[in-house]
Amino acid sequence: FVQFMKELGFHEKALRYILGRRPSLISLPLYGGDGEGVSKTIAALIAFGMTRRQLRVLVTTSPGVLAMPPNKVGVVGKMLQEEGLSRADIASLLRKSPWVLLYDVKAEVGPVLECLRSIGVSDMANVVKAYPQVFGLDPEEQILRVCGVLLECDVGTGSIPSMIQICPSLLSVPVDDHLLPMLDYFQADLDLRLPEIGKMFRAYPGTMLLSVDRDIRPTEEFLRDVGIKNVGRVVTLSPAILTFDVGTQLVPKMRFLDKVGLTSYDMANFPQVFNFPLDRIIRPRLLFLVYLRIPTISKPLKHILAPTDFDFCNITLGGVNISSYDKFVGTLPPIELPNPPKASKRPPLPGKPSLIREENEKIMLRVKGDARLADYKQLKAVLQKKQQENKKRQQKGREFFDLERSQWVYEGEGTFPPKGPPVQSEEKRRGAGNRSSLDDGMQL
């Protein structure tokens, strides 16, 4: 066994690690009969596009994969190919989720695929790649029941397949313990009707995975505290707001909007404002209005947060030179955003198989994520260089959010936010020429 693994490129250190975790691998037949044996299992994995290097990583992280019968690997791979997965896709899936091989092809994989086809899912390959745990779901008791709840919410049969393809993990949501209580909460506390809930699910299917107590209720309380009465309308227009942490994401944005003169009325009219990044879009654009001495309430938020800086300068501001805006952004001091809390461990959802099966006690697959990225050091060096260049142009100082006082604090030279010269009338501007405090090309 050791000699065979060395021929595949495994070093002694790696073999000691593998056998230290799975000493029972030595007892497995190397060249067994009737299609069995470690060598044939490896050959079956390579046949589906897995390179030797990828194979070494897979065996090192999940040694139990060598105990899989070769014919099981072949049957699973062939079925995935029939659903549109390429050899490269299958190899990638087995590297990331080798426990897929534990599913029973006839009793689990086949019925799930047939159920998804009956619903209307056409892009089966993306569903399997994004959420391989789908094979562990019960078609009748889980998948079809989730679809039944969506139908009750007036989600059409044509929208359900697209929702599954966007967020296949929604099929794993427990109906009795999670989904139905969520519907009761939306109806009783937020005064939403079932069609409105269905509209929210269609716009953001990930809403179905949120926890009422941990995610939704704190956001509702925050919105009511800032003066928004119709919370149901806000979450219907922008369901992604339910995914943000109140203390470190929603409150800092709200305090900054208050600081530049906006009110809860503006937020209620355009709740999507909370979806935009504060440091890259909200802050520089609103401060640019302050610099130009343009009241922030004089323009709708949806126009201020235009898709691009070009649209913001040329459409919202009526022809300001975009280079002037870029130079202004370069003079802003860096902003320090509070770190959101680490996600708490959520209760496991149905779908992932047990790591140990009675029919094959030698299999115990452990999947470890590899956070290393190719050319990571080079990319990091380029990023650091860009950050250093930006710091040279920035105003000396910093702006940070004080969690204890729940307000933004500026430490540095001069006043902040900066303000430009008063906007002149058209006649005076013509007499003074095309002069600007930032550059000669700014036009208001």
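Small disclaimer: the values here were computed from a predicted structure and weren't measured. (Residues numbered from 1 in each chain as written. Predicted model: local features only at pLDDT ≥ 70, side-chain atom pairs only at ≥ 80, totals over all residues. Heavy atoms only, no water.)

Peer 1: Please explain helix H17 (residues 278-291) as it appears in this structure.
Peer 2: Residues spaced three or four apart along an α-helix point in a common direction, a consequence of the helix completing one turn every 3.6 residues. Remark: the principal bend of H17, roughly 25°, maps to proline 284. Buried within H17 we find Leu278, Ile281, Ile282, Arg283, Pro284, Arg285, Leu286, Leu287, Phe288, Leu289, Val290 and Tyr291. With its phi angle positive at about 60°, arginine 293 sits one or two positions after the end of H17. (Bend = angle between axes of the 7 residues up to and from the residue. Helix = DSSP H or I, 4+ residues; strand = E, 2+ residues; numbered from the N terminus. Buried < 20%, exposed > 50% of the residue type's maximum accessible area, 1.4 Å probe, protein only.)

Peer 1: So what exactly am I meant to see when it comes to the pattern of salt bridges here?
Peer 2: Two side chains that carry opposite charge are able to pair once their charged atoms sit near each other. Under the definition given, this model contains 12 salt bridges. Salt-bridge contacts for lysine 6 lead to glutamate 12; the nearest nitrogen and oxygen are separated by 3.3 Å. Where glutamate 220 meets arginine 224, a salt bridge forms, and the shortest distance between an N and an O atom there is 2.9 Å. Of this pair, glutamate 220 and arginine 224 are both found in helix H13 (residues 212-225), four residues apart, which corresponds to roughly one turn of the helix. The exposure class of arginine 224 is partly exposed, given its relative accessible area of 37%. (Salt bridge = Lys/Arg side-chain N within 4 Å of Asp/Glu carboxyl O.)

Peer 1: What am I meant to see in unusual backbone geometry here?
Peer 2: Negative phi values dominate among residues other than glycine, just as trans dominates among peptide bonds. Although it is not a glycine, aspartate 154 sits at a positive phi angle of roughly 65°. Of note, aspartate 154 is situated in the loop between helix H9 (139-152) and helix H10 (159-166). At arginine 293, a residue that is not glycine, the phi angle is positive and equals roughly 60°. Relative to the helices and strands, arginine 293 is located in the loop between H17 and helix H18 (301-304). On the basis of relative accessible area, arginine 293 is assigned to the partly exposed category, the value being 43%.

Peer 1: Would you mind showing me how to read the environment of methionine 5 here?
Peer 2: Topologically, methionine 5 is positioned in helix H1 (residues 2-7). When the C-alpha atoms of methionine 5 and valine 38 are compared, they prove to be 9.9 Å apart, with 33 residues separating the residues in sequence. Those residues within four positions of methionine 5 in sequence are excluded, and the remaining contacts are Phe10, Leu15, Ile42, Val59 and Leu66. (Contact = heavy atoms within 4.5 Å.)

Peer 1: When you look at the side chain of threonine 296 in this model, what are you seeing that I'm missing?
Peer 2: Tracing the sequence through the fold places threonine 296 in the loop between H17 and H18. Residue threonine 296 is classed as buried on the basis of its relative accessible area of 6%. For threonine 296, the side chain forms a polar contact with the main-chain oxygen of valine 260, separated by 2.7 Å. Dropping the residues within four chain positions of it, threonine 296 is found in contact with Val260, Gly261, Leu262, Leu286, Leu289, Val290 and Ile304. (Polar contact = N/O pair within 3.5 Å; in protein donor to acceptor, adjacent residues only side chain to side chain.)

Peer 1: Would you take a moment to explain the packing of H9 against helix H11 (residues 175-188) for this structure?
Peer 2: Angle between the axes and distance between the axes are the two parameters that describe a pair of packed helices. Where H9 meets H11, the axes come as close as 11 Å, and the angle between the chain directions of the two elements is 5°. Taken as axis vectors, H9 and H11 run roughly parallel relative to one another. Residues Arg145, Val146 and Val149 of H9 lie in contact with H11, whose contacting residues are Val175, Asp176, Leu179, Leu180 and Leu183. (Axes fitted to C-alpha atoms, helices over the stretch in contact; angles between N-to-C directions. Parallel < 35°, antiparallel > 145°, perpendicular 65-115°, else oblique.)

Peer 1: How do you make sense of the packing of aromatic side chains when you look at a structure like this?
Peer 2: Two aromatic rings, taken as a pair, are described by how far apart their centres are and by the angle between their planes. Taken as a whole, this structure holds 10 aromatic pairs when the rule is applied. Among the aromatic side chains, those forming a connected cluster through ring pairs are Phe288, Tyr291, Phe312, Tyr325 and Phe328. Note that lysine 253 overlies the ring of phenylalanine 244, its terminal NZ or CZ placed 5.1 Å from the centroid. (Phe/Tyr/Trp six-rings, centres within 6.5 Å; stacked < 30°, edge-to-face > 60°. Lys NZ or Arg CZ within 6 Å of the ring centre and 35° of its normal.)

Scope: geometric values only; no functional claims are made or implied.
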